[in-house]
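Coordinate inspection notes
So the chains spell out like this:
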Amino acid sequence: IDTLDQKMLQLMKERMTISEAIGKYKYENNITILQTRRYDEIMNDRRQKAEQAGLNPEFVVKVYEHIHEESINRQNIVMNKELAKKAGLTENENK
């Protein structure tokens, strides 16, 4: 169990790193963080895959809801940092 938990933690870390990169991409391309159609696709897919794997789909969806919430938090942090950098550059350019 400990080994599996460690692997799960490492995978979550990797997923959050990717989420941060997505946040930067969304900032650079003026894309809103929450993409409801994509969110619905992910949840439906994970629900279906959970059922196929013999897992409780409600449990799996709850897990992914929390993962998605943290991904959005990470993307917000990235976007806010980028906005702060841009504001700092603008202020320095005006001096």
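In this text, all values refer to a predicted model and were calculated from it rather than measured experimentally. (Residues numbered from 1 in each chain as written. Predicted model: local features only at pLDDT ≥ 70, side-chain atom pairs only at ≥ 80, totals over all residues. Heavy atoms only, no water.)

What to know about helix H1 (residues 2–28)
Counting along an α-helix, one turn takes 3.6 residues, and residues three or four places apart therefore face a common direction. In plain terms, the rule: Secondary structure counts use DSSP, requiring at least four H or I residues in a row for a helix and at least two E residues in a row for a strand, with both numbered from the N terminus. Each residue after the first adds 1.5 Å to the expected span of a helix. Three exposure classes are used, based on accessible area relative to the maximum for each residue type with a 1.4 Å probe and protein chains only: buried under 20%, partly exposed in between, and exposed over 50%.
Along its 27 residues, H1 runs 39 Å from first to last C-alpha, staying within 8% of the 39 Å computed at 1.5 Å per residue. Every buried residue of H1 is listed here: Met16, Ser19, Gly23 and Lys26. Asn30 occupies a position one or two residues after H1 and carries a positive phi of about 55°.

Things to note about helix H2 (residues 36–52)
We apply this condition: Directions from the helix axis toward the C-beta atoms define the arc.
Across its 17 residues, H2 extends 24 Å between first and last C-alpha, which sits within 8% of the 24 Å expected from 1.5 Å per residue. Within the sequence span of H2, burial applies to Ile42, Met43 and Ala50. Buried positions in H2, seen along its axis, are confined to an arc of 95° and lie on one side of it. Among the exposed residues of H2, those pointing more than 90 degrees away from its buried face are Arg37, Asn44 and Gln52. Just downstream of H2, Gly54 is the residue with a positive phi angle, here 80°.

A short note on the packing of aromatic side chains
So the rule is basically this: By convention, a stacked pair of Phe, Tyr or Trp rings (six-membered ring in the case of Trp) has centres within 6.5 Å and planes under 30 degrees apart, an edge-to-face pair has planes over 60 apart, and any other such pair is tilted. We call a charge positioned over a ring when the NZ of a Lys or the CZ of an Arg lies within 6 Å of the ring centre and within 35 degrees of the ring normal.
Taken as a whole and judged by the stated rule, the model has zero aromatic pairs. Its end group placed over the ring of Tyr64, Arg46 keeps NZ or CZ at 5.6 Å from the ring centre.

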